[in-house]
Amino acid sequence: MTADAILQAALSEFAEKGFEGASLAGIAQLVGIKKQSIATYFPKKEDLFIAAFQEMARHYIEFLDQLYKEILGTPVEARLREIVYRTYYYRVEYPVLTAFYKRSVQFPAPFFQEMLEQQISMMEQRSAAFYRAVFEEGMNSGEIRRQHTESLLSAYYCLQDGIAMQMFFYNQEEFGRRLKDIWEIFWSGIKQI
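Residues numbered from 1 in each chain as written. Predicted model: local features only at pLDDT ≥ 70, side-chain atom pairs only at ≥ 80, totals over all residues. Heavy atoms only, no water.

S.K.: Please provide a residue-by-residue account of the side chain of S127, values included.
M.R.: Within the secondary structure, S127 sits in helix α7 (residues 113-141). Judged by relative accessible area, S127 falls into the buried class, the value being 4%. With residues up to four places along the chain from it excluded, the contact list for S127 reads L64, Y68 and Y157. (Helix = DSSP H or I, 4+ residues; strand = E, 2+ residues; numbered from the N terminus. Buried < 20%, exposed > 50% of the residue type's maximum accessible area, 1.4 Å probe, protein only. Contact = heavy atoms within 4.5 Å.)

The following block contains the structure:
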């Protein structure tokens, strides 16, 4: 229980202040323990940061796995759209995890660069396999124009990354309208005419 509480407090502290700005004393205060008690579970601040990133990645992969199960068998366009929409709503529902990821990727701690690349690669491999299968199914069924699957994958990731950045500039209602337009333009660009 204490290790999980430390991890949750660390996610919040690292999300707000980054690795450099977060302090073990601040994390301990959030949990209601002494700073030295953190070392029982996480010997160094770096260990705690890595554990926090792995927790964030685990949570997101669980979300994706569940999403894939729920939309399996639906039409290609509906699956691709649902991934975009539900990923956006996931980010809204979990602002601490979203902020932690964004800060970790944009301003990685020097010791973390190599592990960051490995973790992102692992997350991307998991999602890319599913996205590729959907794109290929769409091209085989004639719903999506025949093109390089990797090009579709790159555009889809850019679409999601752009949404992840833009969502911070608008309230949820306004962004919901924008998301509808974004999706319609993306889909019209890849669908079979």
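S.K.: I'd like a rundown of the environment of E93, residues and numbers included.
M.R.: Along the polypeptide, E93 turns up in helix α5 (residues 76-93). Exposure remark for E93: the relative accessible area of 56% places this residue in the exposed category.

S.K.: Describe empty space enclosed by the protein, and please don't skip the residues or the numbers.
M.R.: Going through the model one piece at a time under the given rule, you end up with 1 cavity of 30 Å³ or more. Around the largest cavity sit F14, G18, F19, F49, F100, R103, S104, F107, P108 and A109, which together line it. Elements with a contribution of two residues or more to the lining of the largest cavity: α1 (2-21) and α6 (95-106). Here the residues of the lining of the largest cavity sort into 7 nonpolar, 2 polar and 1 charged. (1 Å grid on protein atoms, 1.4 Å probe; cavity = no way out; pocket = protein on both sides within 12 Å on 5 of 7 lines; lining within 4 Å. Points joined across faces, edges and corners; volume = space filled by probe spheres on them. Nonpolar A, V, L, I, M, F, W, Y, C, P; charged D, E, K, R; others polar.)

S.K.: A description of helix α2 (residues 24-31) should follow, citing residues and the corresponding values.
M.R.: Looking at α2, one finds that the buried residues are G26, I27 and A28. Buried positions along α2 lie against α1, α3 (35-41) and α4 (45-71). Phi turns positive, to about 90°, at G32, one or two residues after α2.

S.K.: Outline the UniProt feature "DNA-binding region" (unreviewed entry) in the protein chain, listing residues and values.
M.R.: Within this numbering scheme, the UniProt entry marks residues 23-42 as carrying the feature "DNA-binding region" (unreviewed entry). From the first C-alpha to the last, residues 23-42 spans 13 Å; its make-up is 75% helix and 0% strand. (UniProt positions renumbered as here; feature names shortened; annotations may be inferred.)

S.K.: I'd like a description of the packing of aromatic side chains, backed by residues and values.
M.R.: Counted according to the given criterion, the structure contains 28 aromatic pairs. Residues F14 and F100 carry aromatic rings whose centres are separated by 6.4 Å and whose planes lie at 45° to one another, so their mutual orientation is tilted. Of this pair, F14 sits in helix α1 while F100 sits in helix α6, and the two are 86 residues apart along the sequence. Like F100, F14 is buried. (Phe/Tyr/Trp six-rings, centres within 6.5 Å; stacked < 30°, edge-to-face > 60°.)

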